[in-house]
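Examination of the molecular architecture
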Amino acid sequence: MLLKGKKALIMGVANNRSIAYGISSAFTREGARLAFSYAGDAIKKRVEPICEELGGEFTFPCDVSSDAEIAAAAETVKEKWGKIDVLVHSVAYAPKEELAGRYLDTSRDGFRVALDISAYSLVALCRAFEPLMDEGSSVICMTYFGAQKLVPNYNVMGVAKAALEASVRYLASDLGQKGVRINAISAGPIKTLAASGISDFRVILDHIERFSPLRRNVTIDQVGNAALFLASDLASGVTGDVLFVDSGYQTIGLTPVMPEKH
């Protein structure tokens, strides 16, 4: 089992369609011990049944916009486990009104919120949990192709994910000094609670299914298996990287002309 006995924190699971759920399922299958964060009582009611279903050991509150809550979360985990082996950051948010129309019309407050929750939180969590990670530990976060190329309506979230990817590279140097790795997974579009806020998301899904090299969208299980690789010793030489799990869509320069059906 690739993660037998490893202690993994899962930040950001919302329901059983979440990417974080797919990652958690893969980790459970390979023997990891899990703990789950939640932000607020509404999310807690969703997370606790998932924790029980997947054999998680405990849940804990952590609003990533609060340094005090992040510090308290790290203290709770230290008391429960002492050390951790894997930290999964699957947290992102932007106000829904910022995910439609022109990026030019992004509000100052919407920009601030998106960058704080979606990008700075990775820095804050790594700083808080660094003392609990030893050589061989792994941090994994979630990004998207919209960080590198224009995706209609992704708008400020694309900018936030670009900041997240840049943070991965800088954090790789800092964390690497004690042998801790950090990588991002750029997953193809998946129908999750977070994605539901993006205007015309169905159009993006249809486009990937039609034009990606594999002619299909990806699943949370496929992303989970990629995260399993990055969390395991199989990826002991990989850090500061972005691993694409998107049916090969990032390889396309021009949209291919599809042959007519007869």
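Here is a short report on the structure shown in this document. Bear in mind that the values here come from a model prediction, so they are computed numbers and not experimental data.

Section: the overall build of the protein chain
Within the protein chain one finds seven helices and seven strands. Mapped from its N terminus to its C terminus, the protein chain presents α and β elements in the order β-α-β-α-β-α-β-α-β-α-β-α-α-β. In terms of overall dimensions, the protein chain is globule-like: its C-alpha atoms have a radius of gyration of 18 Å, near the 18 Å expected for 262 residues. Considering only C-alpha atoms, the protein chain reaches an extent of 60 × 40 × 35 Å along its principal axes.

Notes on unusual backbone geometry
For N153, which is not glycine, the phi torsion reads 75° and is therefore positive. With respect to the element layout, N153 can be found in the loop between β5 (133-143) and α5 (155-176). According to the relative accessible area criterion, N153 is buried, its value standing at 13%. One non-glycine residue, S247, lies in positive phi territory at about 60°. Along the chain, the position of S247 falls in the segment after β7 (242-245). S247 gets classed as buried once you look at its relative accessible area, which sits at 7%.

Comments concerning the pattern of salt bridges
Enumeration over the complete set of coordinates arrives at six salt bridges. A salt bridge links K44 to E48; the nearest nitrogen and oxygen atoms lie 4.0 Å apart. Pair noted here: K44 and E48 are both in helix α2 (residues 41-53), with a separation of four residues, about one helical turn. Residue classification places K44 among the partly exposed positions, given a relative accessible area of 27%.

Remarks on the pairing of strand β2 (residues 33-38)
On a regular strand, one side chain projects to one face of the sheet and the next to the other, so that they alternate. Burial analysis of β2 places five of its six residues in the buried class, the great majority of the element. Relative to β2, strand β1 (residues 7-11) runs parallel, the two sharing four bridges. Within β2, the position partnered with A8 by the bridge is L34. With respect to chirality, the unit in which β1 leads through helix α1 (residues 19-29) into the neighbouring parallel β2 is right-handed. In the sheet, β2 pairs with strand β3 (residues 58-61) via four bridges, with the strands oriented parallel. Residue pairing for β3: A35 is matched across the bridge by F58.

Some words on the environment of K4
Among the structural elements, K4 can be located in the segment before β1. The spacing of K4 and R29 is 25 residues in sequence and 9.3 Å in space, taken between C-alpha atoms. Once you skip the residues sitting within four places of it in the chain, K4 turns out to touch E30 and G31.

What to know about the packing of helix α3 (residues 67-81) against helix α4 (residues 108-129)
Taken N-terminus to C-terminus, the directions of α3 and α4 make an angle of 40°; their axes are 9 Å apart at the nearest point. When the axes of α3 and α4 are compared, the crossing they make is right-handed. Of the residues in α4, those touching α3 at D67, I70, A73, A74 and V77 are A124, L125, R127, A128 and F129. Residue classes in the contact of α3 with α4 are distributed as eight nonpolar, no polar and two charged.

Section: the packing of α4 against α5
The contact between α4 and α5 brings their axes to 9 Å, and the two run at 15°. Accordingly, the angle class assigned to the pair α4 and α5 is roughly parallel. In terms of crossing hand, the pair formed by α4 and α5 is right-handed. Here F111, A114, L115, S118, A119, L122, V123 and C126 of α4 come into contact with α5, specifically with V156, M157, V159, A160, A163, L164, S167, V168, L171 and L175. Of the residues in the contact of α4 with α5, the class split is 16 nonpolar, two polar and no charged.

The rules behind the values
Residues numbered from 1 in each chain as written. Predicted model: local features only at pLDDT ≥ 70, side-chain atom pairs only at ≥ 80, totals over all residues. Heavy atoms only, no water. Helix = DSSP H or I, 4+ residues; strand = E, 2+ residues; numbered from the N terminus. Rg over C-alpha atoms; globule rule 2.2 N^0.38 Å. Buried < 20%, exposed > 50% of the residue type's maximum accessible area, 1.4 Å probe, protein only. Salt bridge = Lys/Arg side-chain N within 4 Å of Asp/Glu carboxyl O. Pairing = 2+ DSSP bridges. Right-handed = clockwise from strand over helix to strand, strands pointing away. Contact = heavy atoms within 4.5 Å. Axes fitted to C-alpha atoms, helices over the stretch in contact; angles between N-to-C directions. Left-handed = near helix turned anticlockwise from the far one by under 90°. Nonpolar A, V, L, I, M, F, W, Y, C, P; charged D, E, K, R; others polar. Parallel < 35°, antiparallel > 145°, perpendicular 65-115°, else oblique.

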